[in-house]
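# Structural overview for review
If you want the building blocks of each chain, they are given just below.
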Amino acid sequence: CQFCLTALLFCLYFLQGEKNNGFDVLYHNMKHGQISSKELSDFIRERVTIEETYSRSMSKLAKSASNFSQLGTFAPIWDVFKVSTEKLASCHMELVRKLQELIKEVQKYVDEQAKAHKKTKEEVASTLEAVQNIQSVSQALQKSKENYNSKTLEQERMRKEGATQRDLDKTGVKVKKATEVYKSFVEKYATTKTEFEQKMAETAQKFQDIEESHILHMKEIIQSYSCSVEDTHKQIEELHQEFVNNMENTSVESLIQKLAESKGTGKERPGKRKHNNSLLIHLNFPVTLASQDALPIAVAFTESVNAYFKGADPSKCIVKITGDMTLSFPSGIIKIFTSSPSPAVLSFKLKNTSKLEQILPNQHLLHSDSSQSDTNTRDFWLNMPALTAYLRKNSEQNPTSSYYNVDVLKYQVCSNGIQSTPLNLAVYWKCGPTTTDLRVDYRYNPEAMQPHGPLSSVQVLVPVNGGVTNMQSIPNNKSLWKLNDISEKSENEGSGSLRAKFELSDGPSIPATLAVQFFNEGSTLSGVDMELVGSGYRLSLNKKRFASGRYMADC
């Protein structure tokens, strides 16, 4: 079976050979493993240096933001820059710490490798002796064979030329002696070869076990490296989104209000005093509101579509769509909640729920009525004491933030195969020994989203093996295609093809899985929406977005 052949590969490929030098190849290959480990350690160490330099540069930049002008309406914006840049520097410094720990693990492995290799060298000493014996006997056998052939030919020549019997007898003695020597080395070679093959088979298996263990260990190290970098990238993405949200929620009105409150010289005429019992609260959305006014909140629906296309058969398309609903509260609302013994209950109606296969509310914060007869809507209301405690905790942890997000529920969308995908794909490969032709057909599907909207930042990536030496593609001459927005207004209403020809040095290629990335702002795939119920709150912003998750295609 294939597994058995793989387990014996070193025995099959290094046991034989005219010079019997398989042992030497495998031994040096083992030593190269230690070199690879040290080089991997050096690579990670260089990444640490780069990350540390970048982190210190970001910290320096954050400090410089503190020295910028603190006068004028723009002054509060520098605080947003400062906090965001400081967090970014911390993210990269945390990656430095993780990678430094990983370097220690690699160095420990290098030391263990050295000990293991030394032990292995002692264990295979007898095999090395057997290798030297077989090489020595092989050379002696070859010489005795050549001598035997030479004497035999000489004897035959003398017979044909009519040499005297005396000369023939002398030659016969030499032929007999050469025959005996040749025969003895044949027998010795057979014995030596048996011993060599036995020891070499055991040693080849030992070397293969060492290499398999080495590769697995190296892959584990690389996995740890990859996870550390991936975690940092996620944190950076979250920080960037936080920065964007902070800027969006820092309105012109709020900046004007801050300047008026901090630098104002008075709003009453001298000698008069005006009484106002309303509590004014500022909200960041070989605006200025009284505490009894409707309070602004924002909602965001974010969905992810995962799809797998197999060939051009739409019935083989597998689709999974998930989503999150997040409520966003301005920081000023916490003062209202904490100052009121019983703030108004925040209630809302989730619409178009018939398209949702599963709804998972945040059980700590959200209640719902599961006995509703209307299958297309569902009512929810928040646990106000729990919400107040959650927002207060977030405020204590991030006192400079102008808003706080609350994940209120997750959901899974009912999918209808390929009809639920915003971008239909079909991949065709033609693999030859020297060239590979690739064609990717795509079709924009506006019916999958509500409302119709463009797919932005579309990227198509395909790996090609077989030793690519040259490539011609339409468009852009790359195996990573970056396309303009795809929509109904695009050429051919969003349908098209990508083509590429790869010249190979070691073909044929093996068809690989193609990956696609894109996102949309302003639409969802589920069509789900929300509507506030009751008084006390108003919806100031309703954001909708979806993006590709694991969006892949095979031929």
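Per an unreviewed UniProt entry, the chain goes by FCH and mu domain containing endocytic adaptor 2 and derives from Astyanax mexicanus. Recorded in UniProt under Sequence similarities (unreviewed entry), the annotation for the chain is "Belongs to the FCHO family." The heading Subcellular location (unreviewed entry) in the UniProt record of the chain holds the text "Membrane, Clathrin-coated pit".

### Observations concerning the sheet that holds strand S18 (residues 537–554)
Consider a sheet: its strands pair through backbone hydrogen bonds, and that pairing is either parallel or antiparallel. Reading across from one edge, S6-S9-S4-S3-S18-S16-S12-S14 is the order of the eight strands in this open sheet, with mixed pairing throughout. A single partner strand is all that each edge strand has here, and the edge strands are strand S6 (356–361) and strand S14 (480–483). Put simply, the sheet's adjacent strands are angled 15° from each other on average, direction ignored. Here five bridges tie strand S16 (residues 514–521) to S18, and the two strands are oriented antiparallel to one another. Counterpart to Phe-519 in the pairing with S18 is Ala-547. Across the sheet, helix H6 (residues 165–249) touches strand S4 (318–330), strand S9 (403–413) and S18, and the angle it forms with S9 is around 115°. Running over the sheet, helix H9 (residues 384–397) touches S4, S9 and S18 and is turned about 125° from S9.

### Describing the pattern of salt bridges
Within the structure shown, the criterion is met by 18 salt bridges. Notably, a salt bridge pairs Lys-104 with Glu-101, separated by 3.5 Å at the nearest N-O pair. With Lys-104 and Glu-101 both in helix H4 (residues 75–123) and three residues apart, the pair spans about one turn of that helix. A relative accessible area of 37% means that Glu-101 is categorised as partly exposed. The partner of Lys-349 in a salt bridge is Asp-379, with the nearest N and O atoms 2.9 Å apart. On the criterion of sequence distance, the pair formed by Lys-349 in strand S5 (residues 347–351) and Asp-379 in strand S8 (residues 377–382) is long-range, its members being 30 residues apart. On the basis of relative accessible area, Asp-379 is assigned to the partly exposed category, the value being 24%.

### A short note on the sheet that holds S5
Sheet architecture is open: four strands sit in the order S7-S8-S5-S17, paired in antiparallel fashion. Sheet topology places strand S7 (366–368) and strand S17 (529–533) at the edges, where each strand pairs with a single neighbour. Sheet twist, expressed as the mean angle between neighbouring strand axes with direction ignored, is 30°. Pairing of S7 with S8 involves three bridges; the strand directions are antiparallel. What sits directly across from Leu-366, in S8, is Leu-382.

### Structural notes on the nonpolar core
Soluble globular proteins tend to pack their nonpolar side chains together in the buried interior. Met-325, Leu-327, Leu-350 and Leu-423 are the most contacted members of the largest nonpolar core, which has 69 residues in total. At seven residues, strand S3 (residues 295–310) tops the list of elements feeding residues into this core. Excluding its chain neighbours within four sequence positions, the residues that come into contact with Leu-350 are Phe-301, Met-325, Leu-356, Ile-359, Asn-376, Thr-377, Arg-378, Phe-380, Leu-409, Val-528, Asp-529 and Met-530. The next biggest cluster of nonpolar side chains, apart from the first, holds 15 residues, and it includes Val-48, Ile-221, Tyr-225 and Val-229.

### A short note on the pairing of strand S11 (residues 435–444)
Pairing between strand S10 (residues 423–431) and S11: nine bridges, direction antiparallel. Paired with Trp-429 across the strands is Leu-438, a residue of S11. Linkage of S10 to S11, two consecutive antiparallel strands, is achieved through a turn of three residues. Sheet topology note: the S11/strand S15 (residues 495–504) ladder contains nine bridges and is antiparallel. Bridge pairing in S15 links Leu-438 to Ala-500.

### Some thoughts on the side chain of Ser-509
Mapped onto the secondary structure, Ser-509 falls in the loop between S15 and S16. The class of Ser-509 is buried, set by a relative accessible area of 5%. Within the local environment of Ser-509, its side chain forms a polar contact with the side chain of Thr-436, the two groups lying 2.9 Å apart. A polar side-chain atom of Ser-509 sits 2.6 Å from the main-chain carbonyl oxygen of Asn-465. Excluding anything up to four places from it in sequence, Ser-509 contacts Cys-431, Gly-432, Thr-436, Val-464, Asn-465, Gly-466 and Leu-504.

### Regarding the state of the cysteines
Disulfides are covalent bonds that link the sulfur atoms of two cysteine residues. Scanning the model with the defined rule gives zero disulfides in all. Here Cys-555 stays free of any disulfide, with the sulfur of Cys-431 as its closest cysteine sulfur at 7.4 Å.

### Remarks on the side chain of Ser-347
Residue placement: Ser-347 occurs in strand S5. Looking at Ser-347, the relative accessible area reads 18%, which means it is buried. When sequence neighbours within four positions are dropped, the list of residues in contact with Ser-347 reads Phe-380, Trp-381, Leu-532 and Val-533.

### Considering unusual backbone geometry
Note on backbone geometry: most residues besides glycine have negative phi, and most peptide bonds are trans. Residue Pro-451 is bonded to the preceding Gln-450 through a cis peptide linkage, with omega at -10°. Within the secondary structure, Pro-451 is located in the loop between S11 and strand S12 (456–461). Residues Gly-507 and Pro-508 are joined by a peptide bond in cis, for which omega reads 0°. Mapped onto the fold, Pro-508 is located in the loop between S15 and S16.

### Structural notes on the pairing of S18
Two faces belong to every sheet, and in a regular strand the side chains alternate between them. In this sheet, S18 lies alongside S3 in parallel orientation, the contact comprising 15 bridges. Each bridged residue has a counterpart across the sheet, and for Leu-295 the counterpart in S18 is Tyr-537.

### Describing the packing of H4 against H6
Close contact between H4 and H6 brings their axes to 10 Å; oriented N to C, the two are set at 175°. The angle between the axes of H4 and H6 places the two elements in the roughly antiparallel class. For the contact of H4 with H6, the per-class residue count stands at 20 nonpolar, 12 polar and six charged.

### A look at the packing of aromatic side chains
Considering all chains together, one arrives at eight aromatic pairs under this definition. Pairing Phe-81 with Phe-243 gives two aromatic rings, centres 5.2 Å apart and planes at 55°, and the pair type is tilted. In this pair, Phe-81 is assigned in helix H4 and Phe-243 in helix H6, connecting sequence segments 162 residues apart. We classify Phe-243 as buried; its relative accessible area is 18%. Aromatic ring contacts, followed pair by pair, group Trp-78, Phe-81 and Phe-243 into a single cluster. The positively charged end of Arg-439 is found above the aromatic ring belonging to Tyr-428, 4.2 Å away from the centroid.

About the thresholds
Residues numbered from 1 in each chain as written. Predicted model: local features only at pLDDT ≥ 70, side-chain atom pairs only at ≥ 80, totals over all residues. Heavy atoms only, no water. UniProt positions renumbered as here; feature names shortened; annotations may be inferred. Pairing = 2+ DSSP bridges. Helix = DSSP H or I, 4+ residues; strand = E, 2+ residues; numbered from the N terminus. Axes fitted to C-alpha atoms, helices over the stretch in contact; angles between N-to-C directions. Contact = heavy atoms within 4.5 Å. Salt bridge = Lys/Arg side-chain N within 4 Å of Asp/Glu carboxyl O. Buried < 20%, exposed > 50% of the residue type's maximum accessible area, 1.4 Å probe, protein only. Core = buried A, V, L, I, M, F, W, Y, C linked by side-chain atoms within 4.5 Å. Polar contact = N/O pair within 3.5 Å; in protein donor to acceptor, adjacent residues only side chain to side chain. Disulfide = S-S within 2.5 Å. Parallel < 35°, antiparallel > 145°, perpendicular 65-115°, else oblique. Nonpolar A, V, L, I, M, F, W, Y, C, P; charged D, E, K, R; others polar. Phe/Tyr/Trp six-rings, centres within 6.5 Å; stacked < 30°, edge-to-face > 60°. Lys NZ or Arg CZ within 6 Å of the ring centre and 35° of its normal.

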